[in-house]
Amino acid sequence: MIKDHWLTSARRVESPNYNDRPAGQQVELLVIHNISLPPGQYGTGCVEQFFCNRLDRDAHDYFKEIADLQVSAHVLIERSGALIQFVPFDKRAWHAGKSSYRGRDNCNDFSIGIELEGCDDEPYSDVQYDTLAKLTQIIQEHYPEISPASIVGHCDIAPGRKTDPGECFDWDRYRRLCGQ
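Along each chain, residues carry numbers from 1 onward, in the same order as the chain's sequence is written. In keeping with the predicted nature of the model, local features appear solely for residues at pLDDT of at least 70, side-chain atom pairs appear and are counted solely at 80 or more, and the whole-chain, interface and lining totals rest on all residues. Note: side-chain values were computed over all heavy atoms of the structure, leaving out hydrogens and water.

Undergrad: Which parts of the structure should I look at to understand the packing of aromatic side chains?
TA: Each aromatic ring pair is specified by the distance between its two centres and by the angle formed by the two planes. Between rings of Phe, Tyr and Trp, where Trp is taken as its six-membered ring, a pair exists when centres lie within 6.5 Å; planes separated by under 30 degrees are stacked, by over 60 edge-to-face, and by other angles tilted. Inspection of every chain in the model, using the stated rule, returns nine aromatic pairs. Between Trp 171 and Tyr 174, the aromatic rings sit 6.0 Å apart at their centres with planes inclined by 70°, giving edge-to-face as the arrangement. Linking Trp 171 with Tyr 174, this pair stays in helix α5 (residues 171-178), spanning three residues, or about one helical turn. This pair shows no difference in class: Trp 171 is buried, exactly as Tyr 174 is. Definition used: whenever NZ (Lys) or CZ (Arg) falls within 6 Å of the ring centre and also within 35 degrees of the ring normal, the charge is taken to sit over that ring. The residue whose ring lies beneath Arg 12 is Trp 6, and the NZ or CZ to ring-centre distance is 3.9 Å. If you follow Arg 79 out to its NZ or CZ, it ends over the ring of Tyr 42, 4.3 Å from the centre. Only DSSP runs of H or I with at least four residues qualify as helices, and only runs of E with at least two residues qualify as strands; both kinds are numbered from the N terminus onward. The classification of residues rests on relative accessible area computed with a 1.4 Å probe and restricted to protein chains. Under 20% of the type maximum is buried, over 50% is exposed, and intermediate values are partly exposed.

What follows is the structure, given as structure tokens:
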């Protein structure tokens, strides 16, 4: 359930990395991403730190490259299926970067970004698929402009720049679980 643009079933951790959507802009797109910090490691808490600008640049060599970036997603689905929401759905999370969908640039303006804790070349957990499908249904009920055709991967809106959710993401399985 969504109340005041926040999931009632998610742990709420507010990121400073968001701003207002353009006036009158409807939410029309759902973008699926993946992230793991350090790369390929799960359950570290580093994604939460990253989205809240608290990543310790000295904790891992890779963090030196990304620590100053200001990034967020609306929701993270951990390997366990746990949900963390960082940005309310009516606000513009900074998840898509330079992007385009059906000729429209700046996908952050009109999308919701969901991160799966994972990486391109490792299967996602069963509970992540279940949680993602349930979350998708809740979001579509609240934001009916998001049709099955307007659910995409980051790779689809930033081709050549992004590859997530990767070749291990099972789109057919996800769509079946969503009832699509």
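Undergrad: Looking at this model, I keep getting lost on the sheet that holds strand β12 (residues 151-153). Mind explaining?
TA: Strands are treated as partners if at least two bridges between them are detected by DSSP. Spatial strand order, β3-β7-β6-β11-β5-β12: six strands in an open sheet with mixed pairing. Two strands bound the open sheet, and with one partner strand each, they are β3 (11-12) and β12. Pairing geometry for strand β6 (residues 75-77) and strand β11 (residues 111-117), over three bridges, is parallel. Bridging from a neighbouring strand, Ile 77 pairs with Leu 116 of β11. Contacts between residues were defined by any pair of non-hydrogen atoms, one from each residue, lying within 4.5 Å. Angular values range over 0 to 180 degrees, each being the angle between N-to-C directions of two axes fitted as lines to C-alpha atoms, with helices fitted over their stretch in contact. Against the sheet, helix α3 (residues 126-142) engages β5 (29-35), β6, β7 (83-85), β11 and β12, with an angle of about 170° to β11.

Undergrad: Can you walk me through the pattern of salt bridges in this structure?
TA: Opposite charge on two side chains allows them to pair when their charged atoms are near. We define a salt bridge as a side-chain nitrogen of Lys or Arg found within 4 Å of a carboxyl oxygen belonging to Asp or Glu. Evaluated as defined, the whole model comprises nine salt bridges. Asp 109 is the partner of Arg 92 in a salt bridge, and the nearest nitrogen-oxygen pair spans 2.4 Å. Here Arg 92, found in strand β8 (residues 91-93), pairs with Asp 109, found in the loop between β10 (104-105) and β11; they are 17 residues apart in sequence, far enough to count as distant. The network of salt bridges with shared partners includes Arg 11, Glu 48 and Arg 54.

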